[in-house]
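# Coordinate analysis (summary)
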Amino acid sequence: MSKSNSSLKITNQLPTPPLIRRCTTLLIELSFRTHLLISIVLRLVLIAYGHWHDVHSEVPYTDVDYKVVTDGARHVLQGGTPFSRHTYRYSPISAYIQIPNILVHPAVGKVIYSAFDIFVAILIYVLVRLQLQVQCRKAVHALLSKFGKIRSAQHYNETDARNKPENIARASACFWLYNPLTAVISTRGNGDSFSSFFVILAVYLLVKSEDTERGANWLIFTAGLAHGFAIHLRLYPLLFSLAYYLCLSTSLARNTRDFLRQLLFPSYRQLLLVLGTCIALFAITGFFYRLYGWQYIYEAYLYHFVRRDVRHNFSLYFLLQYLSGNATETSLIEKLLILAPQLFLLLYLSFSFGQFRQTLTFCVFALAFVMVTFNSVVTSQYFIWYLALLPLCLNNLQSISVRRAFAYFGVWLLGQVLWLLPAYLLEFKTWNTFYWIGVQGVLFFLINSYLLMRLIEHYSFTSFKVNFKKLF
């Protein structure tokens with residue numbers, strides 16, 4: 001059975017998303033360029049504040065990983081390998097990016113990561129606007145096909161003023177630009193906005209390919225290149241691969257037999273995606289393997305599969321790992337407890353939302369959310385993995401009122417605050433709060449699971465208000 005877009009609908013009345021309505025009311029008067037300039041200034045101020053804070057406070061503002069990567073960059077300048085720095089477990093590209101920290105100023109790396117914060121916002125703006133335009137045209141085409149007036153759809157380019165793609169795209173980008181958590185994390189020197197940019201770029205190219213007749217194959221191949229590069233930077237985008245692959249299929253995978261048929265007999269576009277991904281991933285990885293050898297493969301990739309972090313973190317499994325910290329190997333039961341629920345949810349979400357490009361953004365967001373929530377190690381930087389993708393889905397969360405949205409956000413923040421208190425007492429006061437942290441990790445897991453269920457429940461397709469007089 002071929003894929004259908006019949007799930008998109010047009011209504012005579014536009015139910016403006018409550019979450020978007022107030023945001024656009026407050027932000028619509030400013031141009032997108034003005035929002036970008038304001039956000040740039042805010043991030044520069046945070047970088048300057050961070051330098052002052054590090055000098056005057058016992059709790060550093062700068063991320064410890066930023067210092068690790070800077071040390072790795074110093075080893076590169078000396079002709080060595082960044083992996084000579086203990087705990088350096090990133091792509092060598094991160095060390096290369098922070099070489100100016102040594103040559104120019106220690107804050108240059110923060111400026112670069114903050115710049116990619118801005119690039120992510122631009123990409124969010126472009127992608128959301130594209131999605132709305134594509135969905136509106138498809139909806140109009142589906143309506144007119146019932147009346148035999150398909151040609152009229154080519155001349156229709158109007159939506160309700162409150163639902164203009166530019167306005168909603170601007171509000172979505174502002175959700176990222178003015179999010180204090182994302183701004184603080186990038187200005188602390190975390191590079192996850194750099195990898196997030198290429199994750200969103202791959203999604204954008206896949207969505208764009210559906211709206212382009214000429215050059216669509218090149219867009220899909222380029223999406224594969226971006227996806228392969230994102231996997232090189234961070235392993236987690238690898239788990240988006242199934243959704244990307246399924247969205248390019250010409251038929252639905254309703255059962256195991258259909259899925260195996262797609263794997264054994266992929267479409268031409270699926271082959272292009274796989275080819276682009278493999279070329280980028282293996283070329284870059286092979287290049288650095290020739291430079292740094294097996295140590296690079298182990299530290300940057302394999303280590304993360306055997307990692308046992310007994311330091312405090314948000315993970316549900318923190319206390320389990322702490323209590324078994326002296327064990328040389330993880331038991332089979334422990335591995336199953338950690339991997340089985342996560343794997344089941346990833347497969348379920350990929351098949352449920354990944355087979356249509358109009359639901360691809362929500363699928364990728366949900367996958368990232370599950371990966372972080374169920375991961376054996378969770379730090380605040382990991383939240384960027386899904387916070388960068390959430391703005392792409394805001395227009396589809398129409399039934400969430402502003403009050404409820406703030407309540408959800410407040411509960412999510414409360415879970416972190418309750419965890420941070422025992423974590424602070426452990427880190428800086430040397431109190432024995434391991435069990436307390438473990439309990440708060442369970443609470444935070446339950447909060448995130450509840451929020452994911454509510455977001456899936458409220459997810460819906462965009463509705464558009466159509467001027468029927470202009471159509472007929």
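Residues numbered from 1 in each chain as written. Predicted model: local features only at pLDDT ≥ 70, side-chain atom pairs only at ≥ 80, totals over all residues. Heavy atoms only, no water.

### Some thoughts on the overall build of the protein
Applied cut-off: Starting at the N terminus, helices and strands are each numbered in turn, a helix being any DSSP run of H or I of at least four residues and a strand any DSSP run of E of at least two. Residue burial is assigned from relative accessible area. The probe radius is 1.4 Å, only protein chains are included, and a residue is buried under 20% of its type maximum, exposed over 50%, and partly exposed in between. Whether two residues are in contact is decided by their heavy atoms, any of which lying within 4.5 Å being enough. To measure how exposed things are, a 1.4 Å probe is used in the Shrake-Rupley method; for residues, cover is taken only from the protein chains shown.
Looking only at helices and strands, the protein features 20 helices and zero strands. Counting only residues that meet the buried cut, the protein has 52% of its 472 residues in that class. Sequence-distant contacts, at least 24 apart, represent 77% of the contacts inside the protein between residues at least 6 apart. Accessible area for the protein stands at about 22900 Å²; split by element, carbon and sulfur atoms hold 64% of it.

### Topic: the side chain of Ser193
With respect to the secondary-structure elements, Ser193 resides in helix α9 (residues 192-210). If we skip the residues at most four places from it in the chain, Ser193 touches Tyr113, Phe116, Asp117, Val120, Ser186 and Ile384.

### Describing helix α8 (residues 180-187)
For the record, the criterion: We define a polar contact as two N or O atoms separated by no more than 3.5 Å, with the added condition that, inside protein, one atom must be a possible hydrogen donor and the other a possible acceptor, whereas residues neighbouring each other in sequence contribute only through side-chain atom pairs.
Residues Thr182, Ala183, Ile185, Ser186 and Thr187 constitute the buried set of α8. The N-cap residue of α8 is Asn179: its side-chain oxygen and the backbone nitrogen of Leu181 are 3.0 Å apart. Residue Gly189 follows α8 closely and has a positive phi angle near 105 degrees.

### Here we look at the nonpolar core
Short version of the rule: Residues grouped as a nonpolar core are buried Ala, Val, Leu, Ile, Met, Phe, Trp, Tyr and Cys residues, joined through side-chain atoms within 4.5 Å. What counts as a domain boundary in this text is fixed by an automatic or database domain assignment.
Residues Phe240 and Tyr244 are the most contacted members of the largest nonpolar core, which totals 116 residues. Considering every element that reaches this core, the biggest residue donor is helix α6 (residues 108-145), with 13 residues. Counting only domains with at least three residues in this core, you end up with domain 1 (211-305) and domain 2 (308-471). Excluding its chain neighbours within four sequence positions, the residues that come into contact with Tyr244 are Val199, Ala202, Val203, Leu206, His227, Leu273, Leu360 and Val364.

### Overview of the packing of aromatic side chains
Rules: Only Phe, Tyr and Trp rings are paired, with Trp represented by its six-membered ring, and only when their centres lie within 6.5 Å; those with planes under 30 degrees apart are stacked, over 60 edge-to-face, the remainder tilted. The criterion is that NZ of a Lys, or CZ of an Arg, lies within 6 Å of the ring centre and within 35 degrees of the ring normal, and then a charge sits over that ring.
Taken as a whole and judged by the stated rule, the model has 43 aromatic pairs. A ring pair is formed by Phe353 and Tyr459, whose centres lie 5.8 Å apart and whose planes are at 85 degrees; its orientation type is edge-to-face. With Phe353 in helix α15 (residues 332-353) and Tyr459 in the loop between α19 (434-458) and α20 (468-471), the pair connects residues that are 106 residues apart, well separated along the chain. Across the pair, Tyr459 and Phe353 agree in class, each one buried. Among the aromatic residues, ring-to-ring pairing joins Phe314, Phe353, Phe362, Phe365, Phe369, Phe383, Tyr386, Phe409, Trp412, Trp419, Phe444 and Tyr459 into one connected group. Positioned above the aromatic ring of Tyr303, the side-chain terminus of Arg89 is 3.8 Å from the ring centre. Stacked on the ring of Tyr66, the Lys or Arg Lys110 has its end atom at 5.5 Å from the ring centre.

### Concerning a nonpolar patch on the surface
Quick note on the threshold: Here the term patch refers to residues with relative accessible area over 30% and no salt bridge, with like charges joined within 9 Å and nonpolar side chains (Val, Leu, Ile, Met, Phe, Trp, Tyr) within 5 Å. Salt bridge, as used here: a side-chain nitrogen of Lys or Arg that lies within 4 Å of a carboxyl oxygen of Asp or Glu.
Nonpolar side chains collect at one region of the surface, where Tyr289, Trp294, Tyr298, Leu302, Phe305 and Val306 lie side by side and expose about 660 Å² of accessible area between them. Counting through the fold element by element, Leu302 comes out in helix α13 (residues 268-306). Judged by its relative accessible area of 32%, Leu302 is partly exposed.

### Comments concerning the packing of α9 against helix α16 (residues 360-373)
To keep things clear, this is the line we draw: Interaxial angles span 0 to 180 degrees and are taken between N-to-C directions of axes, which are lines fitted to C-alpha atoms, for helices over the stretch in contact. The cut-offs work like this: below 35 degrees is roughly parallel, past 145 is roughly antiparallel, 65 to 115 is roughly perpendicular, and the gaps in between are oblique. Crossing handedness: left-handed means the near helix sits turned counterclockwise from the far one by under a right angle, and right-handed means the same turn made clockwise. Classes in brief: Ala, Val, Leu, Ile, Met, Phe, Trp, Tyr, Cys and Pro nonpolar; Asp, Glu, Lys and Arg charged; the others, Gly included, polar.
α16 packs onto α9 with a crossing angle of 155 degrees between their chain directions and a minimal axis gap of 10 Å. On the basis of the axis angle, α9 is roughly antiparallel to α16. For α9 against α16, the interelement crossing comes out right-handed. Between α9 and α16, the contacting residues are Val199, Val203 and Leu206 on the first element and Leu360, Thr361 and Val364 on the second. In terms of residue class, the contact of α9 with α16 is built from five nonpolar, one polar and no charged.

### Focus: the environment of Ile231
Relative to the helices and strands, Ile231 is located in helix α10 (residues 216-233). Residue classification places Ile231 among the buried residues on the basis of a relative accessible area of 3%. Counting along the chain gives 33 residues from Ile231 to Phe198, while the straight-line C-alpha distance between them is 9.3 Å. Residue contacts for Ile231: discarding those within four places in its chain leaves Pro237, Leu238, Ser241, Thr277, Leu281 and Tyr301.

### Some thoughts on the state of the cysteines
The term disulfide refers to a covalent linkage connecting the sulfur atoms of a pair of cysteines. So the rule is basically this: Our working definition of a disulfide is a cysteine sulfur pair at a distance within 2.5 Å.
Inspection of the entire model under this criterion finds zero disulfides. This cysteine, Cys393, is not joined by any disulfide, and Cys363 carries the nearest cysteine sulfur, 9.8 Å off. A relative accessible area of 0% places Cys393 in the buried class.

### Quick word on the UniProt feature "transmembrane region" (unreviewed entry) in the protein
This is how it is decided: UniProt positions are given in the numbering used here, feature names are shortened, and annotations may be inferred rather than shown by experiment.
Here, UniProt's "transmembrane region" (unreviewed entry) annotation points to residues 30-52, 111-128, 219-247, 268-289, 332-351, 363-385, 405-426 and 433-453. In the segment residues 363-385, helix accounts for 57% and strand for 0%; the C-alpha atoms at its two ends are 13 Å apart. For the annotated span residues 433-453, helix accounts for 95% and strand for 0% of the residues, and the straight-line distance between the end C-alpha atoms is 30 Å.

### Things to note about the pattern of salt bridges
Enumeration according to the criterion identifies six salt bridges in this entry. For Arg234, the salt bridge identified is with Asp192, shortest N-O distance 3.0 Å. Residue Arg234 is located in the loop between α10 and α11 (241-247), and its partner Asp192 is located in helix α9; the two are separated by 42 residues in the primary sequence. Note on Asp192: relative accessible area 0%, which makes it buried.

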